[in-house]
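Report on the structure
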Amino acid sequence: MKKRYLVGNLKMNLNSVSETEHYLVALKKELFGKRIENVEIVVAPSSIYLERFSRELPENVSLGAQDVFWEKEGSYTSQISTSMLNDVHAGFVVIGHSERRLYAHETDGEVGWKVRAALHENIRPILCVGETAEDRERGVAADIVSGQIVEAFRDVSPMMAERVVVAYEPRWAIGSDVIPESEDIFEMRIVIHRALAEAYGPSVADRIPVLYGGSVKESLLDRLCLEPRMDGVLVGRESLYPHELVRMARHIGGYGSTDSEVSDNNS
Ligand code: PEP
């Protein structure tokens, strides 16, 4: 079975050391004794807690950051460098999240600089792309998403391109509980694959994972991930519950989705 990804974007939540500790303890407990082989779980906390997560995350969970800056060091107040991320062993970084595009007015060009900076330092970008509701109404969703892909992968070699994880996140579905149809997600998967295949050829494009993100919860995984043949999901709110995170990982990893399972070691 092809490897899948489950990315938990904790955003600006877990607002204290004690909440963070509580989360880490709960996550460890939820994962204890559970076999999750086909899924790479990535958790991306706020940057202030990256170091703590780095020390305490269970070993079968990877650390992600929520952003990075393209310059290596210097007078860039509030920014986080790739060296800082490497120092805390963050193997992934979310780039171009719609909330960064909205509140920090991040452009496609800047997203591309960040992707290249991360790849250069061996950190895997989780590149977020997606159209607004207006784009969709105007019938330009595919053009917008293809354009985001082209800009983000500009000057990225085929070998490096395979290190990128793309997350298709229609902006209107993030934090809204508005759920797209499987067919619409699958259509956009094809759009993304086509844009990547034009740049790198179909076999490289085949190897670049494409996730879905936007109001994901465990009960919707068939519709939002498995039916549209996505390679995993990027989860916001539900990732704040370790129990849900682990249920989702097991669901997309093909271990079933029920609550009542006993841990695999005991069965
Ligand atoms: C996100 O943070 O990218 C996201 C998809 O959030 P939510 O799952 O809460 O919609």
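Above this text is the structure in question.
Residues numbered from 1 in each chain as written. Predicted model: local features only at pLDDT ≥ 70, side-chain atom pairs only at ≥ 80, totals over all residues. Heavy atoms only, no water.

What follows is about helix 12 (residues 242-252). In terms of burial, helix 12 is largely enclosed, as 10 of its 11 residues are buried. Turning to helix 12, its buried residues number three or more, namely P242, E244, L245, V246, R247, M248, A249, R250, H251 and I252. Tucked inside the fold, the buried residues of helix 12 contact strand 1 (4-9), helix 1 (17-31), strand 2 (39-44), helix 11 (221-226) and strand 8 (232-235). Directly after helix 12, the chain includes G254, whose backbone phi takes a positive value near 85°. (Buried < 20%, exposed > 50% of the residue type's maximum accessible area, 1.4 Å probe, protein only. Helix = DSSP H or I, 4+ residues; strand = E, 2+ residues; numbered from the N terminus. Contact = heavy atoms within 4.5 Å.)

The next thing to look at is the site of the ligand. Lining the immediate surroundings of the ligand are 15 residues, of which K11, H97, E169, G175 and R237 lie closest. Between the ligand and R237 there is a distance of 2.7 Å, counted from an oxygen atom to a side-chain nitrogen or oxygen. Here the ligand has 290 Å² of accessible area as a free molecule, and 100% of this is covered by the chains. Taken together, the residues of the shell around the ligand break down into 5 nonpolar, 7 polar and 3 charged. (Near = heavy atom within 4 Å. Polar contact = N/O pair within 3.5 Å; in protein donor to acceptor, adjacent residues only side chain to side chain. Areas by Shrake-Rupley, 256 points an atom, 1.4 Å probe, with all protein chains shown as cover. Nonpolar A, V, L, I, M, F, W, Y, C, P; charged D, E, K, R; others polar.)

Interaxial distance between helix 7 (residues 141-152) and helix 9 (residues 182-200) falls to 9 Å at its minimum, and their mutual angle equals 40°. Accordingly, the angle class assigned to the pair helix 7 and helix 9 is oblique. Between helix 7 and helix 9 lies a crossing of right-handed hand. Of helix 9, the residues touching helix 7 (which contributes A141, A142, V145, S146 and I149) are M188, V191, I192, A195 and L196. (Axes fitted to C-alpha atoms, helices over the stretch in contact; angles between N-to-C directions. Parallel < 35°, antiparallel > 145°, perpendicular 65-115°, else oblique. Left-handed = near helix turned anticlockwise from the far one by under 90°.)

Before going further, it helps to spend a moment on a negative patch on the surface. Together, E183, E187, D222 and E227 give the surface a local cluster of negative charge. As for its position among the elements, E183 is in helix 9. (Patch = residues over 30% accessible without salt bridge, like charges linked within 9 Å, V, L, I, M, F, W, Y side chains within 5 Å. Salt bridge = Lys/Arg side-chain N within 4 Å of Asp/Glu carboxyl O. Lys, Arg positive; Asp, Glu negative; His and termini not counted. Charge placed at Lys NZ, Arg CZ, Asp CG, Glu CD.)

Attention shifts here to helix 1. With 15 residues, helix 1 extends 21 Å from end C-alpha to end C-alpha; this agrees with the ideal 21 Å at 1.5 Å per step. Buried within helix 1 we find T20, Y23, L24, L27, E30 and L31. The buried residues of helix 1 occupy an angular sector of 130° when the element is viewed end-on, so they sit on one face. Looking at helix 1, the residues exposed on the side facing more than 90 degrees away from the buried face are S18, H22 and K29. For helix 1, the elements touching its buried residues are strand 2, helix 2 (50-56), strand 3 (61-65) and helix 12. (Expected span 1.5 Å × (residues − 1). Arc of directions from axis to C-beta.)

Before going further, it helps to examine the pairing of strand 2. Summarising burial for strand 2: 6 of the 6 residues are buried, a large majority. Along strand 2, one buried face is formed by V39, I41 and V43 and the opposite face, lined by E40, V42 and A44, is buried too. The pairing of strand 2 with strand 3 spans 3 bridges and is classified as parallel. Counted as the bridge partner of V42 is S62 from strand 3. Running through helix 2, the crossover from strand 2 to the neighbouring parallel element strand 3 is right-handed. (Pairing = 2+ DSSP bridges. Right-handed = clockwise from strand over helix to strand, strands pointing away.)

This part is about the nonpolar core. Within the largest apolar cluster, 68 residues are counted, with the highest numbers of intra-cluster contacts made by F53, L127, F153 and V166. Here this core gets 7 residues from one element, more than from any other, and that element is helix 9. (Core = buried A, V, L, I, M, F, W, Y, C linked by side-chain atoms within 4.5 Å.)

Looking now at the pattern of salt bridges. Here the structure, examined in full by the defined rule, presents 23 salt bridges. When the shortest N-O distance is used, the salt bridge between E99 and K11 registers 2.8 Å. Taken together, the residues E99 in helix 4 (residues 98-103) and K11 in the loop between strand 1 and helix 1 connect sequence positions 88 residues apart. K114 is paired through a salt bridge with D67; the nearest N and O atoms lie 2.9 Å apart. Separated by 47 residues along the polypeptide, K114 in helix 5 (residues 108-120) and D67 in the loop between strand 3 and helix 3 (82-87) bring together distant segments of the chain. Classification of K114 as buried rests on a relative accessible area of 1%. Linked through salt bridges whose partners overlap, the residues forming this network are D67, R100, E106 and K114.

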